[in-house]
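Working through the structure, step by step
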Amino acid sequence: MVEGFRARRSFGFGGLSRTATMIAAVVLTADGLIATQAPLSLLVTLPVTGAVFALAAAKRHGMSALAYYWAKLSWRRAARFDATSYRRTLLPHPYALDLPGVGASSTLIKAHDPTTGRSVGVVHDRTTGYMTITTLLAPGGSLMAPTGAVQSSLRTWSSVLDAMSTDEQVKGASVTIQITPGAGEALGDDVKARKDPHAPQLAKKIIDELVRTTPHATASVAPWMSVTVDPNASANPPADLAEQVAESLRVVDGLDLSGTGTDIERRATDIDLRRIVRSAYDPEVFNARDREFEELSWSECGPQAADDGWEEYAHDGGVSISWVLREMPRRPIPYSVLLPLLAPGRYQRRITIAYRVLDPYEGEAVLEREISHAHQRAQATAEVKGRAKWSQRADAQRAEKAAAQVASGSQVVDWTLMVTATARSTAELPAARQELARAVKATRGIRMRSAYGAQAAVFAAQLPLGYNPLVKD
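What counts, and at which threshold
Residues numbered from 1 in each chain as written. Predicted model: local features only at pLDDT ≥ 70, side-chain atom pairs only at ≥ 80, totals over all residues. Heavy atoms only, no water. Helix = DSSP H or I, 4+ residues; strand = E, 2+ residues; numbered from the N terminus. Expected span 1.5 Å × (residues − 1). Buried < 20%, exposed > 50% of the residue type's maximum accessible area, 1.4 Å probe, protein only. Pairing = 2+ DSSP bridges. Salt bridge = Lys/Arg side-chain N within 4 Å of Asp/Glu carboxyl O. Axes fitted to C-alpha atoms, helices over the stretch in contact; angles between N-to-C directions. Parallel < 35°, antiparallel > 145°, perpendicular 65-115°, else oblique. Left-handed = near helix turned anticlockwise from the far one by under 90°. Contact = heavy atoms within 4.5 Å. Nonpolar A, V, L, I, M, F, W, Y, C, P; charged D, E, K, R; others polar. pLDDT = per-residue confidence, 0-100. Patch = residues over 30% accessible without salt bridge, like charges linked within 9 Å, V, L, I, M, F, W, Y side chains within 5 Å. Areas by Shrake-Rupley, 256 points an atom, 1.4 Å probe, with all protein chains shown as cover. Core = buried A, V, L, I, M, F, W, Y, C linked by side-chain atoms within 4.5 Å. Lys, Arg positive; Asp, Glu negative; His and termini not counted. Charge placed at Lys NZ, Arg CZ, Asp CG, Glu CD. Polar contact = N/O pair within 3.5 Å; in protein donor to acceptor, adjacent residues only side chain to side chain.

Turning our attention to helix α8 (residues 270-281). In this model, α8 (12 residues) spans 17 Å end to end at C-alpha, consistent with the 16 Å of a helix rising 1.5 Å per residue. Across the 12 residues of α8, 12 count as buried, placing the element largely inside the fold. Those residues of α8 lying buried are D270, I271, D272, L273, R274, R275, I276, V277, R278, S279, A280 and Y281.

Turning to the pairing of strand β5 (residues 118-125), a few remarks are in order. Along β5, 6 of the 8 residues are buried, which leaves the element largely enclosed by surrounding structure. Pairing geometry for strand β4 (residues 106-113) and β5, over 8 bridges, is antiparallel. If you follow D113 over to β5, its bridge partner there is R118. Connecting β4 to the antiparallel partner β5 that follows it, the hairpin turn spans 4 residues, and G117 within it adopts a positive phi of roughly 75°. Sheet analysis places β5 next to strand β6 (residues 131-139), joined by 3 bridges and oriented antiparallel.

Within the secondary structure, A343 is located in the loop between α10 (339-342) and β13 (348-357). The spacing of A343 and A439 is 96 residues in sequence and 8.4 Å in space, taken between C-alpha atoms.

Okay, the pattern of salt bridges next. Under the defined criterion, the tally for this structure stands at 15 salt bridges. R274 is the partner of D270 in a salt bridge, and the nearest nitrogen-oxygen pair spans 2.9 Å. One end of the pair is D270 and the other is R274, both in helix α8 and 4 residues apart, which spans about a single turn. Given the relative accessible area of 6%, D270 is considered buried. Put simply, R278, D282 and D316 are held in one network by salt bridges that share partners.

Two numbers describe a pair of packed helices, the interaxial angle and the distance between the axes. Packing of helix α11 (residues 360-385) against helix α12 (residues 390-407) brings their axes to within 9 Å, and their N-to-C directions diverge by 160°. In this view, α11 runs roughly antiparallel relative to α12, as classed from their interaxial angle. In this structure, α11 crosses over α12, and the sense of that crossing is left-handed. From α11, L367, E370, I371, A374, H375, R377, A378 and T381 reach across to α12, where they touch Q392, D395, A396, A399, E400, A402, A403 and V406. Class assignment for the residues of the contact of α11 with α12 results in 9 nonpolar, 3 polar and 4 charged.

Moving on, we come to the confidence of the model for the protein. When pLDDT is averaged along the protein, the result is 84, and 92% of the positions lie at 70 or above. When pLDDT is averaged over each helix and strand of the protein, the minimum, 68, is found for helix α5 (residues 184-194) and the maximum, 93, for helix α14 (residues 455-461).

A cluster of nonpolar residues, L40, L43, V44, V48, V52, L55, L66 and Y69, forms a patch on the protein surface that exposes about 740 Å² of accessible area. Taken together, the elements giving at least two residues each to the nonpolar patch come down to α2 (42-57) and α3 (65-80). Among the elements that line the nonpolar patch, the one with the most residues is α2, at 5 residues. By the element assignment, V44 lies in helix α2. Among the residues examined, V44 registers a relative accessible area of 54% and is labelled exposed.

All right, on to the nonpolar core then. Grouped together as the largest cluster of nonpolar side chains are 45 residues, with contacts concentrated most on M164, L341 and L417. Apart from the residues lying within four places of it in its own chain, the contact partners of M164 are V170, A173, M225, L255 and V357. L99, A222, L273 and F286 belong to the second largest nonpolar core, which has 23 residues in total.

Turning our attention to a positive patch on the surface. On the surface, K385, R387, K389 and R393 cluster together into a patch of positive charge. Relative to the helices and strands, R393 is located in helix α12.

So, about the side chain of S279. For S279, the position within the fold is in helix α8. In terms of polar contacts, S279 uses its side chain to reach the backbone carbonyl oxygen of I276, at 3.2 Å. Setting aside residues no more than four positions away along its own chain, S279 makes contact with Q178, V285, F286 and Q348.

Turning next to the environment of A437. Take A437: it is sitting in helix α13 (residues 429-442). Here the alpha-carbon distance between A437 and A382, two residues 55 residues apart in the chain, equals 39 Å.

Take unusual backbone geometry next. For D82, which is not a glycine, the phi torsion comes out positive at approximately 60°. Of the residues examined, D82 reaches a relative accessible area of 55% and is grouped as exposed. Its identity is not glycine, yet R444 carries a phi of approximately 60°, on the positive side. The residue R444 is located in the loop between α13 and β15 (447-450) in this model.

Dropping the structure here:
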């Protein structure tokens, strides 16, 4: 069982955050000062101020109602000016050579890894200077493993996060598993080539039946881990781009994933990155040969055309819907809680967990603030109603328990969960949305919501483009 999930909560008045409460106090003070000169202005300013802060206190889809409607208003304004539409061939130089959206500042570098003698693909963010290196993984699976082996894998992964927290150059990481249905065709071709013509008829009949049903029951699983590194955060910053790449490779090589329940297949090459990105926008090319990706430029890996909708993202070869984490269960959950999301379905699906490990001092400061905020909320409720809510007491206990774990050597991690499902056409979108909703509900506790107005950004955050929503510049 795994536990310890808790969302940050600041202390404010009437359901507002601390920042919103301070803004409300300043605005009400300004209303009062204006009213000293024009008393009738209160007939306008007070209702407007009250409505705005009522929306800030209210919740919609797990977020502030004010933030939700402001985002919708911003998205509609952007859509009115066609800022949510992308057409690569119609854009002038040099923008036609960039990926759309959050991937526009990224570029792909083909490097040579002297330790393995192979080429490595490195994504460079030209705005921040950060570099992202992707590692292809081969998970062994732990559903039938002994409990002790699973616990050991969790402890080892905790050690990997500890290593990230003490390395100033590691800014963030993400682990993605992509499930693409319909890989049975390749399996059928392999079986046909290896079938023994002298085998018994019953055996050949059974094999033929399996091959016939396999395309509808199998999927190709492609997992990878992307680590974002700041090579200039070292004591001796690299002098040029080549040294920055070498420093980034050195940092990522220092993260040992052995014992975490997965095996490292290899560092992703530039061809691997082109395949991952291009097949995300156009699933039809997922099983194409390597030579079809060798001549692709980095910009050609993106979509030829894309439209970023409020709840969907239309691109080459399909329409995608992306959901983000709303709330984790407050009770302990089994380690296999994500299994319904990882189960193959009718549509391609990507599941990504993004991490930002706080350094020990920052993590301790965050938890101290959370303990203070939890006790302040309970005290304020007790002063009004005579006693604090049980949920507030339990929340304060969880914050204190987390602080005790940090004092014993644990680390505080900011993380989020993102899921994307891709349908081949708009007509299949309702079925894809229903399938994703059923998978989320089957996790029995994890609550997710649509990435309203941020479909393209969440879609790109699950690809090795160097963008991690938790990493701040």
